[in-house]
Each structure stands twice: as structure tokens, then as C-alpha cells.
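The residues making up each chain are set out below.
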Amino acid sequence: MQSGSGSPGSGKKSVRRSPRLSPQDLSSQSAARGTGLVYSEIFTHHKNLWDSSHPECPDRVTSIMEELQRQELLSHCVTVEPREAAEEELLLSHTKQYVDLMRSTQTMTESELQTLSEKYDSVYIHPESFQVCVKGVGSVLQLVDQVMTSELRNGFAVVRPPGHHAQSDMSNGYCIFNNVAIAARYAQTRHAVRR
């Protein structure tokens, strides 16, 4: 019996686990081939102008890419070109007012950016943050499209700032747009995924 399974009446819930697959197993599955990797140097442009020691920094993506190179994994990935998310894609999980506010940050002064950033929890905004975020969201959606159409087996988006804490109308926890929530809604609307 697998761990996590219980006999009837034992009070333990049966848990069905996915089998562990070796790299050879992964390469022989279905028509979908390869792991897509999306990255762009633009993801290093989002940086804190008033606190150079902030932990959410460009090194987060450059160190990932350096490690992938050091481990000789890049050659095993399929390069996926990043793209910008369209406004209607951002609106899948964010309010129009919030998207417009984030767009307006492109022309704000450093002082205005800092004042706005302080309204949120653990967030800073740079003049290029909107463009970086739009590219990050679009890059994740590129992977969704290619996985859902079986062009790729899976994908890895080396993007920042991260997105999973952002709320519909506010930045939160380093995150400006919620690329995870947008990707889920996009999969539902574009690829008829139910959940």
C-alpha cells in the first residue's frame, strides 16, 4: 500500500499520488515534447530605486538563468519568446481602474512612485515596472497556449516581479499583476479548461 493510503475504516483518507517519472519517461510521453523556457532581460529592469538591498531584485532571475546554464539544462529546454499581455488579458483578474493606475506609473517621478508603493505591502514600483509586468504576464500566457495545444509538455517562466500575491485592485507581497490568476482565467476562457 502506498504511503498516504489507509485501509477502510482506519480513518485515514486515501491519497492518490502521481508516479515519479525519470527523464527518460518524460521524453517518451505523448505528442507534446519538451519543456518550454521563457525569459527576457527585460525582467531585470524592475528594481527598487530607493532601496538597493530590497530582496525582490534583478538577481532573482539572473541567478536562476546562471544556475540553469551551470547545470547544462538550458540546452534541454525549448526557448519560448516572451510577449506582452493585452489589456483584456490583464482585466481577466484585475480592475480597469487598477490597470490604468499601474500604466500611469510609467510617467511618475521617483517620489510619486515611492509614495504609491508605500500604500501597498512589500511592493515597490519602478518607471519600467508596468512594461516588465505586462511582458511577464504575456510570457506565462505563451506557455499556457503552448502546453494547452500540446506543442510543449510543460513550461517554466523565469519572470519577475512575481505575481501570485497581487489582488484584483492592489499590489501585494512583491507582486503587481497576478500572473497565476490571469493564467488560470485565460486557460478557462481561451482553452475551455473547467478548473
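Residues numbered from 1 in each chain as written. Predicted model: local features only at pLDDT ≥ 70, side-chain atom pairs only at ≥ 80, totals over all residues. Heavy atoms only, no water.

Peer 1: Would you explain the environment of Leu-101 in this entry?
Peer 2: Relative to the helices and strands, Leu-101 is located in helix H4 (residues 96-104). The class of Leu-101 is partly exposed, set by a relative accessible area of 30%. Among all residues touching Leu-101, those that are not within four sequence positions of it are Met-108, Leu-116 and Tyr-120. (Helix = DSSP H or I, 4+ residues; strand = E, 2+ residues; numbered from the N terminus. Buried < 20%, exposed > 50% of the residue type's maximum accessible area, 1.4 Å probe, protein only. Contact = heavy atoms within 4.5 Å.)

Peer 1: Looking at this model, I keep getting lost on the environment of Glu-81. Mind explaining?
Peer 2: Relative to the helices and strands, Glu-81 resides in the loop between strand S2 (77-80) and helix H3 (87-90). For Glu-81, a relative accessible area of 56% corresponds to the exposed category. Sequence separation between Glu-81 and Val-38 is 43 residues, and the spatial gap between their C-alpha atoms is 6.1 Å. Beyond its immediate chain neighbours, meaning those up to four positions away, Glu-81 contacts Val-38 and Gln-142.

Peer 1: So what exactly am I meant to see when it comes to the packing of aromatic side chains here?
Peer 2: Working definition: an aromatic ring pair is given by the centre-to-centre distance plus the angle between the planes. This model, assessed by the stated rule, comprises three aromatic pairs. Plain terms: the ring middles of Tyr-39 and Phe-43 are 6.4 Å apart, the flat faces sit at 55° to each other, and that makes the pair tilted. Its relative accessible area of 25% is what places Tyr-39 among the partly exposed residues. On the basis of relative accessibility, which here comes to 0%, the residue Phe-43 falls in the buried class. Ring centres of Phe-130 and Phe-177 lie 6.0 Å apart, and the angle between their planes is 75°; on these two criteria the pair is classed as edge-to-face. Placement of Phe-130 in helix H6 (residues 129-148) and of Phe-177 in the loop between strand S3 (154-157) and helix H7 (179-191) is noted, with a sequence separation of 47 residues between them. We classify Phe-130 as buried; its relative accessible area is 6%. Judged by its relative accessible area of 2%, Phe-177 is buried. Aromatic ring contacts, followed pair by pair, group Tyr-98, Phe-130 and Phe-177 into a single cluster. (Phe/Tyr/Trp six-rings, centres within 6.5 Å; stacked < 30°, edge-to-face > 60°.)

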